[in-house]
Amino acid sequence: MEGKAKQATPTETAASARSRTKRCQANLSEIFKTSCSSPVVMAHKKLDDYTEDDLGQDQPITSLKILVIGESNVGKSSLMNRFIDDTFDPNMANTIGVDYRSRVVNVDGQTVQLGIWDTAGQERFRTLTPTYYRNAQGAVIVYDVTRRQTFERVEQWLQELDAYVNRTDVVKMIVGNKTDLKNREVSREEGQQLARRHSTLFIEASALENDNVQVCFEDLVYHILQTPGLWEARVQPGRIQLGDNNPSLSEMTWNCISPNCSLL
Amino acid sequence: MGDEFPKEYDVIVVGTGMTESILAAAASRVGKRVLHLDSNEYYGGLWASFNFEGLQQWVGDCQKPKDETECKADPQLADGESAIKMRVLNPPTATNVKEQWHVPEAVESSGDDAKKAWSQEEVKKLYRKFNIDLAPKLLYSRGALVELLISSNIARYTEFRNVTRVVTWHEGKLTPVPCSRADVFATQNITVVEKRMLMNLLQECTEYEGNPEKLKKHENQSFLDFLKDKQLTDNLIHYVLYAIAMSTEETPCIEGMSRTQKFLLSLGRYGNTPFLWPMYGSGEIPQAFCRLCAVFGGLYHLKRGAEALIVGSDNTLKAIHSDRENLKSNYLVMGLDYAPDSFLPEESPGISRGVFLIDSSILAADKEHLTLLEFPPDESSGPVTIVEVGSLTNACPQGLYMVHMTTKQKGSAEEDLMSVAKKLMNFPGETDESKPNLVWSMFFNMKDTSTCDLGANTPTNLFLTSGPDLDLDFDFAIKQAKEIFSKMYPEDEFLPRAPDPEEIILDDDDEDKQKQPEEKASEEPQE
Ligand SMILES: Nc1nc2c(ncn2[C@@H]2O[C@H](COP(=O)(O)OP(=O)(O)O)[C@@H](O)[C@H]2O)c(=O)[nH]1
Ligand SMILES: [Mg+2]
């Protein structure tokens, strides 16, 4: 682990690389099997990890939601894990219990909390819920350069994305993964052409060899930050996430003692 | 990777309606192997929401004649087993479906007119901006679903808006009902004396449980009589009875008080009315549970149902036959809309639904409101629950409002709802300037199976689940899911909190590594 952390890209602050090493290699398939008694160590929220040095001086944090889609087995979860904590587990059965993973990065002088959302296997029979797509600012569409059929499905994934993402300016990146393998079926040029046709970003990568993985996500973030209106308006007034109890509203309840009570 | 998947499960769930989805999530969450199927290509079944195009398809499907033929299935059977064939892909179980436009196909753009003149073309062009619910529901801010979403951490998949006003129909017009303390003091509609009476009454309703003496007195009284005893003015009685307690003249006193209390307890948690509306529609809610199920390893396949059920001689379900394969399962949970005829309850009451697109709000204001209106019963109709949503909820495009009406079925949905609709909006030819103009409407009926006895004719390890009910909130589905879950897994916790991804840090000890292979062998679905 120690050695791997050094591979952190230059855009990332030293502190965030340090805090990433705190996390051990995760065997995620463990998490639910024995229900509550599973060997899960509950740690406190990641923001504690990051506060002081990480967040720059008084820079606000921008949070972004990034989707990873594409056919089964192309390496979506592997890319995510490689990016988040620089791990690669060839035997990872499934990313059980993991919805999204997050990491703080510094791109273009801006501190960004990236939430990378995994498909949770629901892509297998093309049954992703529309809910999965809501409010995303970026999407990574992955294919496997050694399986042509996964490349041919990319257009359908783009269509599905357009159908459910509720805005037109979501930044998309097509990724040809597994470049470390010899038996290529899709050339780099074909990938580039497809990306050009759909006006998306393009990169070839290998999750196994950690080739182009950091760059892929950082480039995506960079383009999101360059898109006016895409990320600033994250907090839309009037939208409620449950659990935020807003104490200032409590005066509207009946049992409180408000100045108006004197009227009674 | 082909359509190869495991042949054995702890629970197979057929149908992605509300109760089914909660159960799938609950089972998966505690480590059960779950397969979740739906023969439709969309999630939610009778609880789905559609964009405008998707809705057209649904309407088309409903209008197809019901196919009574059985599925062609020839499952392999072991000794003593028999197969119950299912109907060919069930048509959606909605009837009396009537969809109608009230604007021309196309209109010349009328220039700088203040009010946009809508055309069919224009609405269709914006089809993706719609989320039209078959079963619209509101959540009480302290109701069962809100608490469950928070305690299970499924809340992270959902987003809501607060209903911004509660409105009633009184003396032939719409009036906002003051429902918070602040509202009561701000309103011009009631006098200072009335304000005081109202506050006292509401206070009493929040405290009634701790007062058994008082309760006794009202045991045989109707809520209306109780309100009259309190010497409330007609105005106030109307507000409390219809808008706050959402009751009728017959509602017993205790029930009326308990409904009032429920309303008041949910006030102020997220806003100045007690209600929340899901962004993108109620159809999001079952999906959120499905997502949790998948995150914990549940397997999903849409456009796939069961063609036959394989039942052993001991009247337990052994497997389902689906897409030429026998899939074994210890339990089967099945939406009633899928159930073979022999399992169906005799008769069930019905729900009448109306959906209307209009070009401004039913009660114009200086900002976009999310409105709840309990339309009081009159000679021609029962009480009708009306929710009006605008573009802020992503239910419809900007410039349009969508009105959902729901009532107990007496005749067809159109017969049951037309008189109320006429009061609130202009139909073609009508030009009342205070009312919105109707652009498009749809009526349909569906069964209310929440009161049926579903266990009567089924194998002992098969659980049928109801479709949408008439209540405002999702309490019924949650209750039903909890009951079924506790029959299947009495030892397990129902939807314990799912950890946030940031909290998942696994020990990498050797000890754990050694344990892992055994667990995998016994519990992991074979890939
Ligand atoms: N050779 C090679 N194998 C990879 C690479 N990325 C993922 N894999 C393997 O491909 C399989 C599928 O990966 P996974 O991340 O589960 O794919 P997903 O279904 O798209 O999430 C696993 O066996 C991985 O070990 C890569 O870059 N190179
Ligand atoms: Mg995966």
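No experiment lies behind these values; they were computed from the predicted model shown. (Residues numbered from 1 in each chain as written. Chains lettered and ligands numbered in written order. Predicted model: local features only at pLDDT ≥ 70, side-chain atom pairs only at ≥ 80, totals over all residues. Heavy atoms only, no water.)

## Remarks on the overall build of chain A
Here comes step 1: Secondary structure assignment for chain A yields 9 helices and 7 strands.
Here comes step 2: Every one of the 264 residues in chain A was classed for burial, and the buried ones make up 55%.
Here comes step 3: Put simply, chain A shows about 11,700 Å² of open surface, and 49% of that area lies on carbon and sulfur atoms. (Helix = DSSP H or I, 4+ residues; strand = E, 2+ residues; numbered from the N terminus. Buried < 20%, exposed > 50% of the residue type's maximum accessible area, 1.4 Å probe, protein only. Areas by Shrake-Rupley, 256 points an atom, 1.4 Å probe, with all protein chains shown as cover.)

## Re the side chain of R269(B)
Residue and element names in this part refer to chain B.
Here comes step 1: Checked against the element boundaries, R269 lands in the loop between helix 10 (253–265) and strand 11 (275–278).
Here comes step 2: By relative accessible area, which is 8% here, R269 ends up buried.
Here comes step 3: At a separation of 2.9 Å, a polar atom in the side chain of R269 contacts the main-chain carbonyl oxygen of S141. (Polar contact = N/O pair within 3.5 Å; in protein donor to acceptor, adjacent residues only side chain to side chain.)

## Some remarks on the domain arrangement of chain B
Here comes step 1: Segmenting chain B into domains produces domain 1 (8–94 + 281–345 + 451–488) and domain 2 (175–271).
Here comes step 2: In this structure, domain 1 of chain B and domain 2 of chain B have C-alpha centres spaced 41 Å apart. (Domains from an automatic or database assignment.)

## Some remarks on the confidence of the model for chain B
Residues and elements named next belong to chain B.
Here comes step 1: With 92% of its residues at a pLDDT of 70 or more, chain B shows a mean pLDDT of 89.
Here comes step 2: Contacts from residues 506–527, a stretch scored under 50 in pLDDT, to residues over four places away or in other chains number 37 contacts.
Here comes step 3: Scored by ipTM, the complex comes to 0.84, with pTM at 0.88. (pLDDT = per-residue confidence, 0-100. Contact = heavy atoms within 4.5 Å.)

## Here we look at the pattern of salt bridges
Here comes step 1: Throughout the structure, instances matching the rule amount to 34 salt bridges over all chains.
Here comes step 2: Between K64(B) and D61(B) there is a salt bridge; the shortest N-O distance is 3.1 Å.
Here comes step 3: Judged by its relative accessible area of 52%, K64(B) falls in the exposed class.
Here comes step 4: Looking at D61(B), the relative accessible area reads 29%, which means it is partly exposed.
Here comes step 5: When salt bridges that share partners are traced, they join D99(A), R156(B), R291(B), R497(B) and D500(B) into one network. (Salt bridge = Lys/Arg side-chain N within 4 Å of Asp/Glu carboxyl O.)

## Some details on the sheet that holds strand 5 (residues 138–144) of chain A
Adjacent strands of a sheet form backbone hydrogen bonds with each other and so pair up, either parallel or antiparallel.
All names here are of chain A.
Here comes step 1: With mixed pairing, 6 strands are arranged side by side in an open sheet as 3-4-2-5-6-7. The two strands at the open ends of the sheet, each matched to only one other strand, are strand 3 (100–107) and strand 7 (201–204). In this sheet, neighbouring strand axes are inclined to one another by 25° on average, regardless of whether the strands run parallel or antiparallel.
Here comes step 2: For strand 2 (residues 62–70) and strand 5, the ladder comprises 5 bridges, and the chain directions are parallel. Following the sheet pairing, I66 is matched in strand 5 by G138.
Here comes step 3: Set on the sheet, helix 9 (residues 213–226) makes contact with strand 2, strand 3, strand 4 (110–117), strand 5, strand 6 (171–177) and strand 7; between it and strand 6 the angle comes to about 165°. (Pairing = 2+ DSSP bridges. Axes fitted to C-alpha atoms, helices over the stretch in contact; angles between N-to-C directions.)

## Topic: the side chain of T465(B)
Here comes step 1: Structurally, T465(B) is set in strand 21 (residues 462–465).
Here comes step 2: Contacts of T465(B), omitting those with residues within four sequence positions, involve T19(B), E20(B), L23(B), V333(B), M334(B), G335(B), L336(B), L454(B), Q480(B) and I484(B).

## Quick notes on the site of ligand 1
Residue and element names in this part refer to chain A.
Here comes step 1: Around ligand 1, 19 residues are found, and the nearest of them are N73, K76, S78, D180 and A207.
Here comes step 2: In the model, an oxygen atom of ligand 1 is placed 2.9 Å from a nitrogen or oxygen of the S77 side chain.
Here comes step 3: Contact between ligand 1 and N177: a nitrogen atom at 3.2 Å from a side-chain N or O atom of the residue.
Here comes step 4: Taking 580 Å² as the accessible area of ligand 1 by itself, protein coverage stands at 83%.
Here comes step 5: With 3 residues, the single largest contributor to the shell around ligand 1 is helix 4 (residues 76–85). (Near = heavy atom within 4 Å.)

## Some points on the packing of helix 4 of chain A against helix 9 of chain A
Residues and elements named next belong to chain A.
Here comes step 1: In contact at an axis separation of 9 Å, helix 4 and helix 9 are set at 85° when each is read in the N-to-C sense. Accordingly, the angle class assigned to the pair helix 4 and helix 9 is roughly perpendicular. Mapping the contact onto sequence places L79, R82 and F83 in helix 4 and V213, Q214 and F217 in helix 9.
Here comes step 2: In terms of residue class, the contact of helix 4 with helix 9 is made up of 4 nonpolar, 1 polar and 1 charged. (Parallel < 35°, antiparallel > 145°, perpendicular 65-115°, else oblique. Nonpolar A, V, L, I, M, F, W, Y, C, P; charged D, E, K, R; others polar.)

## Overview of unusual backbone geometry
Here comes step 1: Phi is positive for N73(A), which is not a glycine, with a value near 70°.
Here comes step 2: Note on placement: N73(A) falls in the loop between strand 2 and helix 4.
Here comes step 3: Its relative accessible area of 47% is what places N73(A) among the partly exposed residues.
Here comes step 4: One non-glycine residue, Q231(B), lies in positive phi territory at about 65°.

## Concerning the environment of I84(A)
Here comes step 1: Inspection of the secondary structure assignment puts I84(A) in helix 4.
Here comes step 2: I84(A) gets classed as buried once you look at its relative accessible area, which sits at 1%.

## What about the pairing of strand 19 (residues 401–408) of chain B?
Residues and elements named next belong to chain B.
Here comes step 1: Most of strand 19 is tucked away: 7 of the 8 residues are buried.
Here comes step 2: Of the pairings in the sheet, the one linking strand 16 (residues 350–358) to strand 19 comprises 8 bridges and is antiparallel in character. Pairing of G354 across the sheet is with M405, part of strand 19.
Here comes step 3: When strand 18 (residues 384–389) meets strand 19, the two strands line up antiparallel, connected through 5 bridges.

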